[in-house]
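Summary of structural features
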Amino acid sequence: MSIQVQIALGKLFDQSARPDPYPLLATLRESSPCVMPAVQTVVVGRYADTSKVLRDRTVSSLRPDSPSFFSLDPPEHTRLRGLTAKAFPPRVVDALEPRIRQITHDLLSEVADADDFDLPQHIGYQVTGRIICELFGLPHSDVEVFRDWTRLLTHHIDPQMFPDPEFNAAVAKARSDFEDYFRPFIEERRKRPGEDMVSRLVHVRDGDNRLGEQELLDTCVLLAVAAHENPVGLIGNTFLALLRHPDQLAQVQRDPSLAGAAVEETLRYDSPAQLTGRTATRPIELNGTVIPAGFSVLLLLAAANRDSAAFPDADRFDLHRGANNHLAYAAGPHFCMGADLARLEARVVIEVLAERLAEPHLVPGSLEYKPNVSIRGPLHLRVAGTIK
């Protein structure tokens, strides 16, 4: 069985799988949990198993090649996440809604006379990039400065089937450049704090606990990357799902308040976060299969989210599905901190598109996916229609 799984995994990482990885993910799910002793890896794709591993506090998230606290274990993960959460409370996210709406309206008005527009490039990246700049107190023009850095750092999340020294060097340079970019802002906010995210991270305290200099840089980079690529993918995936299901698109157009339900169903049906990894620190039993201590665990979130044992008729997009306990933002101690912001940005953008874009349709041949496996979404998706 492990040979077939390795073949399916190889195909999943091939660029030809980007338009529709779900048949391969279904094969991997039905074969899981699958232990591959030769590479000390276990592939997990069933919902119940994936959820169990994510919530198991004894498994490790440690990645030596990542400085992010997302890739640390307690107690360091707990300390850094707690400080970051204190600097990034829900009220900060909620307050951004009017700006997200205004920026989306402005961007849509810019292309009102065009034959079509590229949704990820003109709307997705611009909305999320400008919100990052406002959140962190950065110049709006710098959206274009760090866009390539976020793409590289997101691509680096993918497991590497074959190490690429040139790519890894480019990633290291992108991270270094991003840190150098944030250094003067951190120094300035240390002297003259404001209400922006950099200021809050610099001055956040929990008793004697605070973020060290490198921790500040790592956290700024992490939040900027996470707040850019995932929401762009969610916006693109949601509107594409609606374009492919015109009856449900018509419902959202009649009632834009359904945009939130469409976003939530997309998180299950075609999530930007496709997979993640853990390491077993002790033997773990999953449905009769034992994961040996020390083995890597490849968690196929996107496969789990289409498990019919958890979601009836799981391959069907249905914005009226209701209660949706998907794993798009993981679960347990590493549940994604940026989930609320991504949901908010995607919901507002879909609402505005539903209100202002009449008879939208996908321009044939314009859909191109990002090369990433872990973070899925269109790189280009041209939409035509009449903008009101």
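Structure's up top.
The model shown is predicted, which means the values in this text are computed figures rather than measured ones.

**Some details on the state of the cysteines**
Per the counting criterion, the structure on display carries 0 disulfides. Just so you know, C220 is unpaired, no disulfide at all, and the nearest cysteine sulfur is the one on C133, 13 Å from it. Classification of C220 as buried rests on a relative accessible area of 0%.

**Description of the environment of E345**
Relative to the helices and strands, E345 resides in helix α15 (residues 339-356). For the pair E345 and I387, spaced 42 residues apart in the sequence, the C-alpha separation amounts to 20 Å. Sequence-distant contacts of E345, defined by excluding residues within four places in its chain, comprise I100, T128, I131, A227, P231 and I235.

**Structural notes on the sheet that holds strand β8 (residues 357-362)**
The antiparallel open sheet is built from 3 strands, whose spatial order is β3-β11-β8. Strands at the two margins of the open sheet, each flanked by one partner only, are β3 (116-118) and β8. Across the sheet, the axes of successive neighbouring strands diverge by a mean angle of 30 degrees, strand direction being ignored. Bridge count between β3 and strand β11 (residues 382-387): 3 bridges; the pairing is antiparallel.

**Focus on the packing of helix α6 (residues 97-110) against α15**
At a minimum axis separation of 9 Å, α6 and α15 run at an interaxial angle of 45 degrees. Between α6 and α15, the crossing angle belongs to the class labelled oblique. The handedness of the crossing between α6 and α15 is right-handed. Across the interface between the two elements, E97, I100, R101, T104, H105, L108 and S109 of α6 pack against L344, E345, R347, V348, V349, E351, V352, L353, E355 and R356 of α15.

Rules and cut-offs
- Residues numbered from 1 in each chain as written.
- Predicted model: local features only at pLDDT ≥ 70, side-chain atom pairs only at ≥ 80, totals over all residues.
- Heavy atoms only, no water.
- Disulfide = S-S within 2.5 Å.
- Buried < 20%, exposed > 50% of the residue type's maximum accessible area, 1.4 Å probe, protein only.
- Helix = DSSP H or I, 4+ residues; strand = E, 2+ residues; numbered from the N terminus.
- Contact = heavy atoms within 4.5 Å.
- Pairing = 2+ DSSP bridges.
- Axes fitted to C-alpha atoms, helices over the stretch in contact; angles between N-to-C directions.
- Parallel < 35°, antiparallel > 145°, perpendicular 65-115°, else oblique.
- Left-handed = near helix turned anticlockwise from the far one by under 90°.

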